[in-house]
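Residue-level structure breakdown
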Amino acid sequence: MKHKTTNNFSAQHALYLKKIKRNRILVHTAQLGILVILFGLWELFAYLEIIDPFITSSPSRVVSAIVSLAKAGTLFYHIGITLMETLIGFAVAVVLGYLIAVLLWLNEHIRNVFEPYIVVLNALPKIALGPLIIIWMGTGYSAIIFMTILVSIIVCIMNMLAGFISVDKTKLLLMKSMGASKVTILTKLVIPCSLPAFMNTLKVAVGLAWIGSIMGEYIVSRAGLGYLIVYGGQVFKLDLVMAATIILCILAGGMYALVAIAERAIIKKRS
């Protein structure tokens, strides 16, 4: 009887897994279908001149612009520049944001003093600091990377600090009652329990890092996808603008996907 129950459970579990897999395939198919429909309608409307292809471009013209950049040997150069700026800014913002959040959690007095300043800095439009960043950092890659860090780091601090603070209070009291030091509580309880908050912080920081790097390239750049967008707008090469924008979407989506894959791998390992 027990063996029969186990077999039934195994069969039901297999059906459940099969259903999850089928639903995942359906979702991915629907997502791809929506994308194909959108690009198809865009191309059709541009071809029929329902929309002005000079202003809106079209998928075929975007592909042509990308091919032209590749033939000229500049496509991967511009992609590499923007990717380098984004990855460095992302890494520095996440590491510094995490360390600052740890410091603020360890010392409540410091947290209370600096919390209003963090809130104000988060609300400050970072683009307003563009002229100052140019004066401070010059007109090279350092200014763009600095802008990327500036845009991302405050949110990293706030998200991670919120994750640290939201740890189960009962577990905190239990460890304190057992005489655990604050560092021990941090390493044995707070950091492991705040892993979901860390992964969410990475996801948010991905988007902000791309925003920061493109903002920096808008202000001061000689190369990069942001430079192509600005240049294309200035000379009315809107095919180039749309091409650079679509490449940005692909890169940002790919970077987000890598974070999501890492998250699933970590969760699977922990479980």
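Rules used throughout
Residues numbered from 1 in each chain as written. Predicted model: local features only at pLDDT ≥ 70, side-chain atom pairs only at ≥ 80, totals over all residues. Heavy atoms only, no water. Helix = DSSP H or I, 4+ residues; strand = E, 2+ residues; numbered from the N terminus. Rg over C-alpha atoms; globule rule 2.2 N^0.38 Å. Buried < 20%, exposed > 50% of the residue type's maximum accessible area, 1.4 Å probe, protein only. Contact = heavy atoms within 4.5 Å. Axes fitted to C-alpha atoms, helices over the stretch in contact; angles between N-to-C directions. Parallel < 35°, antiparallel > 145°, perpendicular 65-115°, else oblique. Left-handed = near helix turned anticlockwise from the far one by under 90°. Nonpolar A, V, L, I, M, F, W, Y, C, P; charged D, E, K, R; others polar. pLDDT = per-residue confidence, 0-100. Phe/Tyr/Trp six-rings, centres within 6.5 Å; stacked < 30°, edge-to-face > 60°. Lys NZ or Arg CZ within 6 Å of the ring centre and 35° of its normal.

It is worth spelling out the overall build of the chain at this point. Looking only at helices and strands, one finds twelve helices and zero strands in the chain. When its helices and strands are written in sequence order, the chain yields α-α-α-α-α-α-α-α-α-α-α-α. For 271 residues, the compact-globule formula gives about 18 Å, and the C-alpha radius of gyration of the chain, at 24 Å, lies well above that figure. Across its three principal directions, the C-alpha atoms of the chain cover 70 × 65 × 30 Å. Considering the chain as a whole, with its 271 residues, one finds that 35% of them fall into the buried category. Looking at the chain alone, contacts between residues at least 24 apart form 73% of all its contacts between residues at least 6 apart.

The N-to-C vectors of helix α10 (residues 195-219) and helix α12 (residues 238-270) enclose an angle of 170°; their axes lie 10 Å apart at closest approach. Taken together, α10 and α12 sit at an angle that is classed as roughly antiparallel. In contact with Leu195, Pro196, Met199, Leu202, Lys203, Val206, Trp210 and Ile214 of α10, α12 contributes Leu248, Leu251, Ala252, Met255, Tyr256, Val259, Ala262, Glu263, Ile266 and Arg270.

Now for the packing of helix α4 (residues 75-106) against α10. One way to put it is that α4 packs onto α10 with a least axis distance of 8 Å and a crossing angle of 135°. Considering the angle they form, α4 stands oblique to α10. Crossing handedness for the pair α4 and α10: right-handed. Contacts from Ile81, Thr82, Leu83, Glu85, Thr86, Phe90, Val94 and Tyr98 of α4 reach α10 at Phe198, Leu202, Ala205, Val206, Ala209, Trp210, Ser213, Ile214 and Glu217. Classifying every residue of the contact of α4 with α10 by side-chain character gives twelve nonpolar, three polar and two charged.

Averaged over all residues, the pLDDT of the chain equals 85, while 96% of them reach at least 70. Helix α1 (residues 2-47) is the least confidently modelled element of the chain, averaging 78 in pLDDT, while α4 averages 92, the highest of any element.

Looking now at the packing of aromatic side chains. Any aromatic ring pair is given by two values, namely how distant the centres are and how the planes are angled relative to each other. The tally for this structure, following the rule as stated, stands at five aromatic pairs. Clustering of aromatic rings is evident, with ring pairs tying together Tyr98, Phe164 and Phe198. When the ring centre of Trp105 is taken as origin, the NZ or CZ atom of Lys182, which lies over that ring, is 5.5 Å away.

Turning next to unusual backbone geometry. Not every positive phi belongs to a glycine, and Ser57 is a case in point at roughly 60°. Position of Ser57 relative to the elements: it lies in the loop between α2 (53-56) and α3 (59-72). By relative accessible area, Ser57 is classed as buried at 0%. We note that Phe236 has phi near 60°; this positive angle belongs to a residue other than glycine. Along the chain, the position of Phe236 falls in the loop between α11 (225-234) and α12. Judged by relative accessible area, which is 56%, Phe236 ranks as exposed.

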